[in-house]
Amino acid sequence: VIAQALLLEPERAWKIADVADVASVSAGLAHRVLARLEAEDVLTAEGAGPQRRRRLVNPTALLDLWAEEAATERPHRSAAHLLARTPEARTLALARNLEAAGIPYAVTGAAAAAMLAPSVTAIPTTEVWVQARALPSDVLAAAGAESVEEGANVVLLQMTGDAPLAFARRQQDVTITNVFRLYVDLRRDPRRGREQADNLRQEV
């Protein structure tokens, strides 16, 4: 989450307290992460004491570093089917149903990428992060989707915490992950994920 905060505001000069506040982490954790990134030559520091500020000098390196470490993530996946005429209609219906039920979510993967990078056309499934404490069965019921073993066109993703929902944004009446989270999620897709991730990185 700290990496995403820095990438989303690449020109900002950061105090530790600012990073902790924006990323919703402790000051101690923020300090440890920033110290590591300084050692990796991703950040530079100026000033001393409470006024010490860090600046992002190598966003490419930070994105690559985070993407490499995020590759080890193993989210819990719940497969389902939602009846819809088109992939776009499916994504919109899923978003509206989850919003109506008050369930925090963020669409990711090919469905989100297609909203930002037009060259992404194949959307075999709509992948969506939902809050960690939600029961998959409750989420699927609210979404109007049916749990399936085969033929899934919706996949719910959950982690032990809600970090994947951080800095989500609105796009075409749908809440999607921020672009950096989206890039990392695409890279993990064994189908055309790496190709789509590279396209997103180039275009967006």
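Enquirer: Is there a simple way to explain the overall build of the protein chain in this structure?
Expert: Summing up its helical and strand segments, the protein chain has 9 helices and 10 strands in all. Scaling as 2.2 N^0.38, a compact globule of 204 residues should have a C-alpha radius of gyration of about 17 Å, and the protein chain matches this with 18 Å. With the C-alpha coordinates aligned to their principal axes, the bounding extent of the protein chain is approximately 60 × 35 × 30 Å. Sequence separation of 24 or more characterises 68% of the internal contacts of the protein chain that already satisfy a separation of 6 or more.

Enquirer: Where do I start with unusual backbone geometry in this structure?
Expert: A negative phi angle is the norm for most residues apart from glycine, just as the trans form is the norm for most peptide bonds. In this structure, D41 is a non-glycine residue whose phi angle is positive, near 60 degrees. The topology assignment puts D41 in the loop between helix 3 (27–39) and strand 2 (43–46). By relative accessible area, D41 is classed as exposed at 59%. At F167, a residue that is not glycine, the phi angle is positive and equals roughly 60 degrees. When you line up the elements, F167 lands in the loop between strand 8 (154–158) and strand 9 (169–171). Looking at F167, the relative accessible area reads 27%, which means it is partly exposed.

Enquirer: I tried to follow the packing of aromatic side chains on my own but got confused; where do I start?
Expert: Centre-to-centre distance and the angle between the planes together describe a pair of aromatic rings. For the coordinates displayed, the defined rule picks out 0 aromatic pairs. One cation-aromatic arrangement involves R12 over W14; the distance from NZ or CZ to the ring centre is 4.2 Å.

Enquirer: Help me understand the layout of surface pockets, please; the structure alone is not making it clear to me.
Expert: Volume-wise, the largest pocket comes out at about 500 Å³. Residue assignment for the lining of the largest pocket shows that the elements contributing at least two residues are helix 1 (2–8), helix 3 and helix 4 (59–70). Residue composition of the lining of the largest pocket, by class: 14 nonpolar, 3 polar and 5 charged. Lining the second largest pocket are L7, P59, T60, L63, V179, F180, Y183, L200, R201 and V204.

Enquirer: I tried to follow the nonpolar core on my own but got confused; where do I start?
Expert: Here is a general trend for soluble globular proteins: nonpolar side chains tend to be buried in one another's company. Counting residues in each nonpolar core, the largest one holds 56 residues, and the members touching the most others are L6, L62, L98, Y105, V107, V128 and L200. Apart from the residues lying within four places of it in its own chain, the contact partners of V107 are T91, A112, T126, E127, V128, V174, T175, I176 and T177. Core analysis: the next-biggest nonpolar cluster, separate from the first, contains 5 residues, A106, V155, L157 and L165 among them.

Enquirer: Would you explain the side chain of T126 in this entry?
Expert: Turning to its location among the elements, T126 is positioned in strand 6 (residues 126–130). The class of T126 is buried, set by a relative accessible area of 0%. Here R90 takes part through its side chain, which lies 3.0 Å from a polar atom of the side chain of T126. Among all residues touching T126, those that are not within four sequence positions of it are P87, R90, T91, L94, V107, A111, N153, V154 and V155.

Enquirer: Got a minute to help me understand the pattern of salt bridges in this structure?
Expert: Pairs can form between side chains of opposite charge whenever their charged atoms are close. Inspection of every chain in the model, using the stated rule, returns 14 salt bridges. The shortest N-O distance in the salt bridge between E99 and R170 comes to 2.5 Å. Of this pair, E99 sits in helix 5 (residues 87–100) while R170 is found in strand 9, placing the two residues 71 residues apart along the sequence. With relative accessibility at 46%, the residue R170 sits in the partly exposed group. A single salt-bridge network, built from bridges that share partners, covers E73, R181, D185 and R188.

Enquirer: Could you clarify how one ought to interpret the environment of A101 in this entry?
Expert: Relative to the elements of secondary structure, A101 occurs in the loop between helix 5 and strand 5 (105–108). In this structure the C-alpha to C-alpha distance between A101 and A143, which are 42 residues apart in sequence, comes to 8.2 Å.

Enquirer: Could you clarify how one ought to interpret the environment of H31 in this entry?
Expert: Within the element layout of this structure, H31 appears in helix 3. H31 sits 116 residues away from S147 along the chain, and the two C-alpha atoms are 43 Å apart. When residues no more than four places from it in sequence are discounted, the contact partners of H31 are I16 and R54.

Thresholds, definitions, all that
- One numbering rule holds for all chains: residues counted from 1, following each sequence as written.
- Totals for whole chains, interfaces and linings use all residues, but because this is a predicted model, local features are given only for residues with pLDDT of at least 70 and pairs of side-chain atoms are given and counted only at 80 or more.
- Side-chain measures were taken over the full set of non-hydrogen atoms in the model, leaving aside hydrogen atoms and water.
- The secondary structure listing takes helices from DSSP runs of H or I that are at least 4 residues long and strands from runs of E that are at least 2 residues long, numbered from the N terminus.
- Only the C-alpha atoms count toward the radius of gyration. The rule for a globule is 2.2 Å times the residue count to the power 0.38.
- By definition in these notes, contact holds between two residues if any of their heavy atoms fall within 4.5 Å.
- Exposure is judged per residue with a 1.4 Å probe applied to protein chains only, and the accessible area is read against the type maximum: over 50% gives exposed, under 20% gives buried, and values in between give partly exposed.
- For this analysis, a ring pair means two rings from Phe, Tyr or Trp (six-membered ring only for Trp) whose centres lie within 6.5 Å, classed as stacked if their planes differ by under 30 degrees, edge-to-face if by over 60, and tilted for the remaining angles.
- Throughout this description, the term charge over a ring refers to an Arg CZ or Lys NZ atom that lies within 6 Å of the ring centre and within 35 degrees of the ring normal.
- Two kinds of site are reported from a 1 Å grid over the protein atoms alone, namely cavities, where a 1.4 Å probe fits but cannot get out, and pockets, open sets with protein on both sides within 12 Å along at least five of seven lines, and residues are called lining when an atom falls within 4 Å of a point.
- Grid points are joined across faces, edges and corners, and a volume is the space filled by probe spheres set on the points.
- When residues are grouped by polarity, Ala, Val, Leu, Ile, Met, Phe, Trp, Tyr, Cys and Pro land in nonpolar, Asp, Glu, Lys and Arg in charged, and all others, Gly among them, in polar.
- Buried Ala, Val, Leu, Ile, Met, Phe, Trp, Tyr and Cys residues that are joined via side-chain atoms within 4.5 Å together make up what is termed a nonpolar core.
- Each polar contact in these results corresponds to two N or O atoms within 3.5 Å; when the atoms are within protein, one needs to be able to donate a hydrogen and the other to accept it, and residues that are neighboring in sequence are counted only if both atoms are side-chain atoms.
- We count a salt bridge whenever a side-chain nitrogen from Lys or Arg sits within 4 Å of a carboxyl oxygen from Asp or Glu.

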